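# Results of the structural survey
Residue strings, one per chain:
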Amino acid sequence: DAGITQSPRHKVTETGTPVTLRCHQTENHRYMYWYRQDPGHGLRLIHYSYGVKDTDKGEVSDGYSVSRSKTEDFLLTLESATSSQTSVYFCAISELPGMNTEAFFGQGTRLTVV
Amino acid sequence: ILNVEQSPQSLHVQEGDSTNFTCSFPSSNFYALHWYRWETAKSPEALFVMTLNGDEKKKGRISATLNTKEGYSYLYIKGSQPEDSATYLCALLAGNMLTFGGGTRLMVKP
């Protein structure tokens, strides 16, 4: 199994509070992604990173920010959590895209905003 | 935002039936097409990564084809088994983004 760990695995937080989710990898893969899973939507890309300090927005980035200060860690921050951000969040890692390589996923973080 | 579409959204088949799903995507700026299998309460796991027009890949009873010119990929399962029940996701790699379709949920009845 690819070395990818998400923390926390479960979190309940109140509306309006900031929340940070962590994705940690031991594979030295360059690319890291944050997705959210919602019924009827599959996996939607929030933000991604293609190197240390190199990040970009995905399709549902509003209300989220990310940081990647070192290769192994990719942090997702909900600046002021809302109930619409209740979801399961998945982190994925990949080597160089276009090199016929797959993405590996973490176990997911279930976030509930009350 | 890339539009990756999968059909059908869900599918019920009997054990032993063969089945197939479709993934449609915009063909411009194509790098690769991925297929993943996602079981309930687990994380998605890769089945295939395809990069060339006409690619065909096979793993046991599951196979996939790719047509980059017309922007579609098919996933086939031969002789479905109850353990094949899962959601099957396709994802388009274009630029640095890996964009997923909504998935096809397959349920195989014994």
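So, here is what we can say about the structure in this document. (Residues numbered from 1 in each chain as written. Chains lettered and ligands numbered in written order. Predicted model: local features only at pLDDT ≥ 70, side-chain atom pairs only at ≥ 80, totals over all residues. Heavy atoms only, no water.)

What follows covers the nonpolar core. Most often, soluble globular proteins have nonpolar side chains that are buried together. All names here are of chain B. In terms of nonpolar packing, the biggest core is built from 24 residues, with L33, W35, F48, L75, Y88 and L106 touching the most fellow members. Counting only elements with at least two residues in this core, the list comes to β2 (10–14), β3 (19–24), β4 (32–38), β5 (45–50), β7 (62–67), β8 (72–77), β9 (86–94) and β11 (104–109). Here the element with the most residues in this core is β9; it accounts for 5 residues. Once residues lying within four places of it in the same chain are set aside, the contact partners of L75 are T19, N20, F21, W35, L47, F48, I62, S63, A64 and Y88. (Core = buried A, V, L, I, M, F, W, Y, C linked by side-chain atoms within 4.5 Å. Buried < 20%, exposed > 50% of the residue type's maximum accessible area, 1.4 Å probe, protein only. Helix = DSSP H or I, 4+ residues; strand = E, 2+ residues; numbered from the N terminus. Contact = heavy atoms within 4.5 Å.)

We now examine the packing of aromatic side chains. Under the definition given, this model contains 13 aromatic pairs over all chains. Between A:Y64 and A:Y89 the ring centres are 6.0 Å apart and the planes differ by 65°, which places this aromatic pair in the edge-to-face class. In this pair, A:Y64 sits in strand β7 (residues 64–70) while A:Y89 sits in strand β9 (residues 87–94), placing the two residues 25 residues apart along the sequence. Seen from their ring centres, B:Y36 and B:F100 are 5.5 Å apart, and the 50° between their planes marks the pair as tilted. One end of the pair, B:Y36, is in strand β4; the other, B:F100, is in strand β10 (residues 97–100), and 64 residues separate them in sequence. A relative accessible area of 5% places B:F100 in the buried class. Linked through ring pairs, A:Y33, A:Y35, A:Y48, A:Y50, A:F105, B:Y36 and B:F100 together constitute an aromatic cluster. The ring of B:F48 carries the charged tip of B:K59 above its face, separated from the ring centre by 5.9 Å. (Phe/Tyr/Trp six-rings, centres within 6.5 Å; stacked < 30°, edge-to-face > 60°. Lys NZ or Arg CZ within 6 Å of the ring centre and 35° of its normal.)

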